[in-house]
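# Structural characterization, general
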Amino acid sequence: NFCYCDTRNNDDIKNFEDLIINKKSELFDIIIDDGSHIYSDILNNFENFFKKVKPGGFYVIEDFNHYKYYPHLNDSPASSPGIEDIFQILKNKKKMQSILLSKDFQDYCFNNILEIKVHKGAQEDSHIAFIKKR
């Protein structure tokens, strides 16, 4: 099944939640975040939806580094690590100070991420991350 959800639209979020309730399934084999590419949206979506991936499934973040190339997408606080740095921190199971990723979610990631693979696309600004759930 394919589900579309604009995570900046409250009606879409409500419809998505209703779909999950009606299907009596809260977990997905794969979730692809092909969202706004705004730094905070990427991390917000990750915290909200990674928990909805089945064990052995994937959370995919498409073009996660666009915020580095397009200033209007970069709303990261000055002290925030880049998303690739966050991936490395999560792989190494090290706590970080973040206003966007809660300490509880960081702990969840330490216990539930099996691996994170990042691939460079053909375009300079194109990267994709595959986060496999334990």
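Bear in mind the structure is a predicted one, so any value in this text is a computation, not a measurement.

## A few points about the environment of Lys 54
- Tracing the sequence through the fold places Lys 54 in strand β2 (residues 53-62).
- Classification of Lys 54 as partly exposed rests on a relative accessible area of 32%.
- Every residue in contact with Lys 54, bar those within four places of it in the chain, is listed here: Leu 27, Phe 28, Asp 29 and Lys 133.
- Side chain to side chain, Lys 54 and Asp 29 meet in a polar contact 3.5 Å long.

## Here's the deal with the sheet that holds strand β3 (residues 113-120)
- Taken together, the four strands give an open sheet; going across it, the order is β1-β2-β4-β3, and neighbouring strands pair in mixed fashion. If you trace the sheet from one side to the other, it starts and ends with β1 (28-33) and β3, each paired once. When strand polarity is set aside, the average angle formed by the axes of neighbouring strands in this sheet is 15°.
- Looking at chain direction, β3 and strand β4 (residues 127-133) are connected through seven bridges and run antiparallel. Paired with Ile 116 across the strands is Ile 131, a residue of β4.
- Across the sheet, helix α4 (residues 83-91) is in contact with β2, β3 and β4; its angle to β3 comes to roughly 150°.
- Across the face of the sheet, helix α5 (residues 103-112) comes into contact with β3 and β4 while running at roughly 90° to β3.

About the thresholds
- Residues numbered from 1 in each chain as written.
- Predicted model: local features only at pLDDT ≥ 70, side-chain atom pairs only at ≥ 80, totals over all residues.
- Heavy atoms only, no water.
- Helix = DSSP H or I, 4+ residues; strand = E, 2+ residues; numbered from the N terminus.
- Buried < 20%, exposed > 50% of the residue type's maximum accessible area, 1.4 Å probe, protein only.
- Contact = heavy atoms within 4.5 Å.
- Polar contact = N/O pair within 3.5 Å; in protein donor to acceptor, adjacent residues only side chain to side chain.
- Pairing = 2+ DSSP bridges.
- Axes fitted to C-alpha atoms, helices over the stretch in contact; angles between N-to-C directions.

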